[in-house]
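# Fold and contact review
Okay, here's what each chain looks like letter by letter:
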Amino acid sequence: VQLQASGGGLVQAGGSLRLLCAASGGTFSRSDMGWFRQAPGKEREFVAAVRWSGGNTVYADSVKGRFTIVRDSVKNTVYLQMDSLRPEDTAVYYCAASPPYYRGSNYNPHDYDTWGQGTQVTVSS
């Protein structure tokens, strides 16, 4: 599977953005899909994920209640709706896909073997 992330931009604190991750080829329907982010000088951190089986979602505590991950299996796309944005949400956001039929955790970069190119999100105060 190949991934293409888009939808980033500049927004004021309190605003909203919707990120898209379009998947092509292969095993989208059988892969967990996740979003991570990386701010300058910091490690890549987990944001949200949706499982291939059952569609269960998980979120980092820092975004719970503000971000929503949605999977559209018809369009082979995963969305990250980001509301009530804060300056500390500023980062490059990456979408990722797990190996097919994955049964492990969703919280670590090593749970995923395919990555999109990243999209910049900047939240001004």
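First, a word on what this report is: a plain description of the structure on this page. Just so we're clear, the structure is a prediction, and the values are computed from it rather than from any experiment.

Another aspect to go through is the environment of alanine 96. Topologically, alanine 96 is positioned in strand β9 (residues 91-97). Measuring from C-alpha to C-alpha, the distance between alanine 96 and glycine 118 comes to 9.8 Å, with 22 residues separating the pair along the chain.

Inspection of every chain in the model, using the stated rule, returns five salt bridges. Between arginine 51 and aspartate 32 there is a salt bridge whose closest N-O contact spans 3.3 Å. You can see arginine 51 sitting in the loop between β5 (45-50) and β6 (57-59) and its partner aspartate 32 sitting in the loop between β3 (17-24) and β4 (33-38), a full 19 residues away along the chain. A relative accessible area of 26% places arginine 51 in the partly exposed class. Put simply, arginine 37 and glutamate 45 hold a salt bridge, and the shortest N to O gap is 2.6 Å. With a relative accessible area of 5%, arginine 37 lands in the buried category.

Turning to the pairing of strand β8 (residues 77-82), a few remarks are in order. Counted residue by residue, β8 has five buried out of six residues, so it is predominantly covered. The sheet contact formed by β3 and β8 spans six bridges and is antiparallel. Bridge pairing in β8 links leucine 19 to leucine 80. In this sheet, β8 lies alongside strand β7 (residues 67-72) in antiparallel orientation, the contact comprising six bridges. The residue of β8 that forms the bridge with arginine 71 is valine 78.

The rules behind each value
Residues numbered from 1 in each chain as written. Predicted model: local features only at pLDDT ≥ 70, side-chain atom pairs only at ≥ 80, totals over all residues. Heavy atoms only, no water. Helix = DSSP H or I, 4+ residues; strand = E, 2+ residues; numbered from the N terminus. Salt bridge = Lys/Arg side-chain N within 4 Å of Asp/Glu carboxyl O. Buried < 20%, exposed > 50% of the residue type's maximum accessible area, 1.4 Å probe, protein only. Pairing = 2+ DSSP bridges.

Coordinates in, geometry out; function isn't part of it.
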